[in-house]
Amino acid sequence: MLPQLLDPRPYFAHLPDPRRETQNKLHNLHDILMMVLCAVLSGVEDWVGMEAFAEEKETWLRGFLELPNGIPSHDTLSDVMGRIDPGAFQTAFTAWATAALPGLADEQVCVDGKAVRGSRKGDDPAVHLVSAFAGRARWVLAQRAVAEKSNEITAIPDLLGLLDLEGAVVSIDAMGCQKTIAQTIVDGGADYVLALKDNHPTLCEDVRLRLDTEVARGHLTALETVEKNHGRIEIRRYALGDRIDWLEAKPDWAGLQAVGRVESTRIIGDQTRTECRYFLCSFPDRDRFAAIVRGHWGIENQQHWVLDVQFGEDACRTRKDHSAENLALIRRIALNVLRHNGPPRDSIRRRKLRAALNDEYRLRLLLGQPSPATT
């Protein structure tokens, strides 16, 4: 059983304050952060709603915040959150998110990108975030924003640099299938499973031809799984080849020990669709490879989807300065806390509702204190 996440307040108490020391600086940075977090825990998704939440809960907030000049306006909340240095905020977040874990050994670290679509304005693209998600622990470990006129390739090494990867397995989709990223993972003492697509056309074609031929001839034994739900049948066949001396590119990829193939067949009614995906792998264990490929979708189902449906992330239109990425990080703090510090039988939606209605419950969520048994 995983431990509860720790009280986040000490980890964010010493973030650099972006404001000048003037008589107009009326509110503590730490107070603002905690107000925003408590509001998001309670299902509030916009700055005006956060101000209203804090006004209604001012007496409760004063139980653990200073609030020397009362409740800040929604404009102040937005302005200050937008000016916080995202790098320092992300570093503090990762320190908090990993403090309750004994380490990442044997953990699957899923890395994937997500656009905050509502942050797009005119010709300016939406803010794009790359995050690392612990598959077994089921919580967000780290986040990095992709710089404008850049892509995930440059952001992923920075993201991985925030983590102690010793003993972990890192899974990344095709955008992260890069030699430098493989080297970063191996240097960190971890294994990898990297999706291989046409961004490496020659390598992908070599692997595809070899594995398709070996599977067809019966030289590789596939592990087959069958899933049935919602009127749909999905059959997956996992094959892994660890005799890869034929692969000319092998020396260019740090730690490369095997290449993998996943054949997926989806049957819905009388319609059948089959596709094959290919992977580079730093270990030769087929069953482990299959588990990692299946587990990678956790970042989509348990993080991205929940953030959009339960926290309205895609609909959020905030963009000024760093407000989009900093508010996105607040949502990930809230998601971690709600998922791991609330009663296990409650859905995320129910936990947010309880947090909105019950001051004691909200405080237990925030501080990581055990909740009393419910019936």
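Our subject in this report is the structure included herewith. (Residues numbered from 1 in each chain as written. Predicted model: local features only at pLDDT ≥ 70, side-chain atom pairs only at ≥ 80, totals over all residues. Heavy atoms only, no water.)

With respect to the environment of V262
Thinking step 1. On the secondary structure map, V262 appears in strand β8 (residues 258-268).
Thinking step 2. Its relative accessible area of 0% is what places V262 among the buried residues.
Thinking step 3. With 14 residues separating them in the primary sequence, V262 and C276 have C-alpha atoms 5.5 Å apart.
Thinking step 4. Apart from residues lying up to four places away in sequence, V262 is in contact with R237, Y238, E275, C276, R277, F279, F289 and V293. (Helix = DSSP H or I, 4+ residues; strand = E, 2+ residues; numbered from the N terminus. Buried < 20%, exposed > 50% of the residue type's maximum accessible area, 1.4 Å probe, protein only. Contact = heavy atoms within 4.5 Å.)

Observations concerning the nonpolar core
Thinking step 1. L33, V36, F89, V109, V111 and I330 are the most contacted members of the largest nonpolar core, which totals 100 residues.
Thinking step 2. Among the elements that line this core, the one with the most residues is helix α2 (residues 29-41), at eleven residues.
Thinking step 3. Once you skip the residues sitting within four places of it in the chain, I330 turns out to touch L33, V36, L37, V40, M81 and F89.
Thinking step 4. In this structure, L240, A258, F289 and A290 belong to the second largest nonpolar core, which totals 14 residues. (Core = buried A, V, L, I, M, F, W, Y, C linked by side-chain atoms within 4.5 Å.)

A closer look at the pairing of strand β2 (residues 127-134)
Thinking step 1. Within β2, seven of the eight residues are buried, leaving the element largely enclosed by the surrounding structure.
Thinking step 2. Of the pairings in the sheet, the one linking strand β1 (residues 108-116) to β2 comprises eight bridges and is antiparallel in character. Directly across from G113, in β2, lies its bridge partner V130.
Thinking step 3. Here six bridges tie β2 to strand β3 (residues 139-145), and the two strands are oriented antiparallel to one another. Following the sheet pairing, A134 is matched in β3 by W139.
Thinking step 4. Between β2 and β3, which pair antiparallel in sequence order, lie four residues; one of them, R138, sits at a positive phi of approximately 60 degrees. (Pairing = 2+ DSSP bridges.)

So, empty space enclosed by the protein
Thinking step 1. Applying the stated rule across the entire model yields one cavity of 30 Å³ or more.
Thinking step 2. In this model, the largest cavity occupies a volume close to 60 Å³.
Thinking step 3. Looking at the largest cavity, the residues that line it are V40, G43, V44, E45, M50, Q310, F311, L327 and R331.
Thinking step 4. Breaking the lining of the largest cavity down by element, the ones donating at least two residues are α11 (298-311) and α12 (323-341).
Thinking step 5. When the residues that make up the lining of the largest cavity are grouped by side-chain class, the tally is five nonpolar, two polar and two charged. (1 Å grid on protein atoms, 1.4 Å probe; cavity = no way out; pocket = protein on both sides within 12 Å on 5 of 7 lines; lining within 4 Å. Points joined across faces, edges and corners; volume = space filled by probe spheres on them. Nonpolar A, V, L, I, M, F, W, Y, C, P; charged D, E, K, R; others polar.)

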